[in-house]
Amino acid sequence: DAGVTQSPTHLIKTRGQQVTLRCSPISGHKSVSWYQQVLGQGPQFIFQYYEKEERGRGNFPDRFSARQFPNYSSELNVNALLLGDSALYLCASSLASTGFGTGNTIYFGEGSWLTVV
Amino acid sequence: GENVEQHPSTLSVQEGDSAVIKCTYSDSASNYFPWYKQELGKRPQLIIDIRSNVGEKKDQRIAVTLNKTAKHFSLHITETQPEDSAVYFCAAPSGGADGLTFGKGTHLIIQP
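Since the model is a prediction, treat every value here as computed from it, not as a measurement.

### Some words on the sheet that holds strand E1 (residues 5-7) of chain A
All names here are of chain A.
Here is step 1 of the chain: The strand order across the open sheet built from four strands is E1-E3-E8-E7, with neighbouring strands paired in antiparallel fashion. Of all strands in the sheet, those bounded by a partner on one side alone are E1 and strand E7 (64-68). Pairs of neighbouring strands in the sheet enclose a mean axial angle of 15°, with direction left out of account.

The structure is reproduced here in structure tokens:
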């Protein structure tokens, strides 16, 4: 069984540019979440999508956006890149919504390493 | 929203000894507490989780305990081995449908 797959694995962008990161969840999983992990810190929640609807949003600016497609794959877009956006972007999938009280396990992909120069 | 505090930030133990990492959370309604292990340059991997209807869960050398009254949970690793060296993160559900809030991580170092 394939796990969570993400692309690209590494990329370098210039300040002000835009980036799109892609994620395919584990087969059968309908929920995809995105996390940002800055070096030396724990993952920080950005978005959660379940059944193609946004179910949660973390404390990130509007430059960050995402969507989920009918096949449950997802894209994360970041506009007007800043140096501080350099991080590992992790996609996680779960069977169902990981909302409060559900206790659904999330599984991370290998991540996309973004460097902004 | 949820606030998760994790201690210590670095833990060095002799191979074969036990290691304990502690986390506290703020929202008494939280009911699910996973632990992730992250090796250098790799993704976080779930190692064990506990739900609020039990106080302890074990999986071979790893155990997690939960004290709902005190709002803290701990990871216990016994008979530590070199491959246990990694950064460990605890987490708890954020409010609403907001995924998980992670602690800042504990760098576990196993000394030979």
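### What to know about the pattern of salt bridges
Here is step 1 of the chain: With the rule as written, the count across this model stands at 11 salt bridges over all chains.
Here is step 2 of the chain: In this structure, the salt-bridge partner of glutamate 110 of chain A is arginine 43 of chain B, at a minimum N-O distance of 3.3 Å. Of the two residues, glutamate 110 of chain A is situated in the loop between strand E10 (107-108) and strand E11 (112-116) and arginine 43 of chain B in the loop between strand E4 (32-38) and strand E5 (45-51); the pairing between them involves two chains.
Here is step 3 of the chain: Residue classification places arginine 43 of chain B among the partly exposed positions, given a relative accessible area of 23%.

### A look at the state of the cysteines
Here is step 1 of the chain: One pass over the structure, following the stated rule, counts two disulfides over all chains.
Here is step 2 of the chain: Between cysteine 23 of chain A and cysteine 91 of chain A runs a disulfide, and the two sulfur atoms are separated by 1.8 Å. Here the disulfide of cysteine 23 of chain A and cysteine 91 of chain A is left-handed, its torsion about the S-S bond being about -65°. Remark: cysteine 91 of chain A occurs in strand E9 (residues 87-94) and cysteine 23 of chain A occurs in strand E3 (residues 19-24); sequence separation between them is 68 residues.
Here is step 3 of the chain: The disulfide bridge from cysteine 23 of chain B ends at cysteine 90 of chain B, spanning 1.9 Å between sulfur atoms. Measuring the twist about the S-S bond at about -95°, one finds the cysteine 23 of chain B-cysteine 90 of chain B disulfide to be left-handed. Of this pair, cysteine 23 of chain B sits in strand E3 (residues 19-25) while cysteine 90 of chain B is found in strand E9 (residues 86-93), placing the two residues 67 residues apart along the sequence.

### A short note on the packing of aromatic side chains
Here is step 1 of the chain: Tallying each qualifying case throughout the model produces 13 aromatic pairs over all chains.
Here is step 2 of the chain: Here the aromatic rings of phenylalanine 33 of chain B and phenylalanine 73 of chain B are separated by 4.8 Å at their centres, their planes lie at 45°, and the arrangement is tilted. Here phenylalanine 33 of chain B, found in strand E4, pairs with phenylalanine 73 of chain B, found in strand E8 (residues 72-77); they are 40 residues apart in sequence, far enough to count as distant. One exposure class covers both phenylalanine 33 of chain B and phenylalanine 73 of chain B, and it is buried.
Here is step 3 of the chain: For the pair tryptophan 35 of chain B and phenylalanine 73 of chain B, a centre-to-centre distance of 5.6 Å together with 70° between the ring planes defines the contact as edge-to-face. In this pair, tryptophan 35 of chain B sits in strand E4 while phenylalanine 73 of chain B sits in strand E8, placing the two residues 38 residues apart along the sequence.
Here is step 4 of the chain: Residue class for phenylalanine 73 of chain B comes out buried when judged on its relative accessible area of 0%.
Here is step 5 of the chain: Grouping aromatic residues by their ring pairs yields a cluster made of Tyr35, Phe45 and Phe108 of chain A together with Tyr36, Phe89 and Phe102 of chain B.

### Considering the nonpolar core
Proteins that are soluble and globular tend to have nonpolar side chains buried together.
Here is step 1 of the chain: Trp35, Phe73, Leu75, Tyr88 and Leu108 of chain B are the most contacted members of the largest nonpolar core, which totals 24 residues.
Here is step 2 of the chain: The contacts of leucine 75 of chain B, once residues within four sequence positions are left out, are Ala19, Val20, Ile21, Trp35, Ile47, Ile48, Ile62, Ala63 and Tyr88 of chain B.
Here is step 3 of the chain: Counting 21 residues, the second-largest nonpolar core is a separate cluster that includes Val4, Phe64, Val78 and Cys91 of chain A.

### Let's talk about the sheet that holds E8 of chain B
Residue and element names in this part refer to chain B.
Here is step 1 of the chain: Strands sit in the order E1-E3-E8-E7-E6 across an open sheet of five strands; the sheet is antiparallel. Two strands bound the open sheet, and with one partner strand each, they are strand E1 (4-7) and strand E6 (56-59). On average, each strand axis in the sheet is tilted by 15° relative to the strand beside it, whichever way the strands run.

### Structural notes on the interface of chain A and chain B
Here is step 1 of the chain: The interface is formed by 26 residues belonging to chain A together with 25 residues belonging to chain B.
Here is step 2 of the chain: Summing both sides of the interface, chain A and chain B together bury roughly 2,000 Å²; the carbon and sulfur share of this comes to 53%.
Here is step 3 of the chain: The tally of links from chain A across to chain B stands at one salt bridge.
Here is step 4 of the chain: Put simply, chain A and chain B have seven residue pairs in polar contact (both at pLDDT 80 or more) between them.
Here is step 5 of the chain: Counting residues per element, the ones that place at least two in the side of chain A that touches chain B are strand E4 (31-37), strand E5 (44-50), strand E6 (53-57) and E9 of chain A.
Here is step 6 of the chain: The element contributing the most residues to the side of chain A that touches chain B is E6 of chain A, with three residues.
Here is step 7 of the chain: Classifying every residue of the side of chain A that touches chain B by side-chain character gives nine nonpolar, 14 polar and three charged.

The rules behind the values
Residues numbered from 1 in each chain as written. Chains lettered and ligands numbered in written order. Predicted model: local features only at pLDDT ≥ 70, side-chain atom pairs only at ≥ 80, totals over all residues. Heavy atoms only, no water. Pairing = 2+ DSSP bridges. Helix = DSSP H or I, 4+ residues; strand = E, 2+ residues; numbered from the N terminus. Axes fitted to C-alpha atoms, helices over the stretch in contact; angles between N-to-C directions. Salt bridge = Lys/Arg side-chain N within 4 Å of Asp/Glu carboxyl O. Buried < 20%, exposed > 50% of the residue type's maximum accessible area, 1.4 Å probe, protein only. Disulfide = S-S within 2.5 Å. Phe/Tyr/Trp six-rings, centres within 6.5 Å; stacked < 30°, edge-to-face > 60°. Core = buried A, V, L, I, M, F, W, Y, C linked by side-chain atoms within 4.5 Å. Contact = heavy atoms within 4.5 Å. Buried area = accessible area lost by both parts, 1.4 Å probe. Polar contact = N/O pair within 3.5 Å; in protein donor to acceptor, adjacent residues only side chain to side chain. Nonpolar A, V, L, I, M, F, W, Y, C, P; charged D, E, K, R; others polar.

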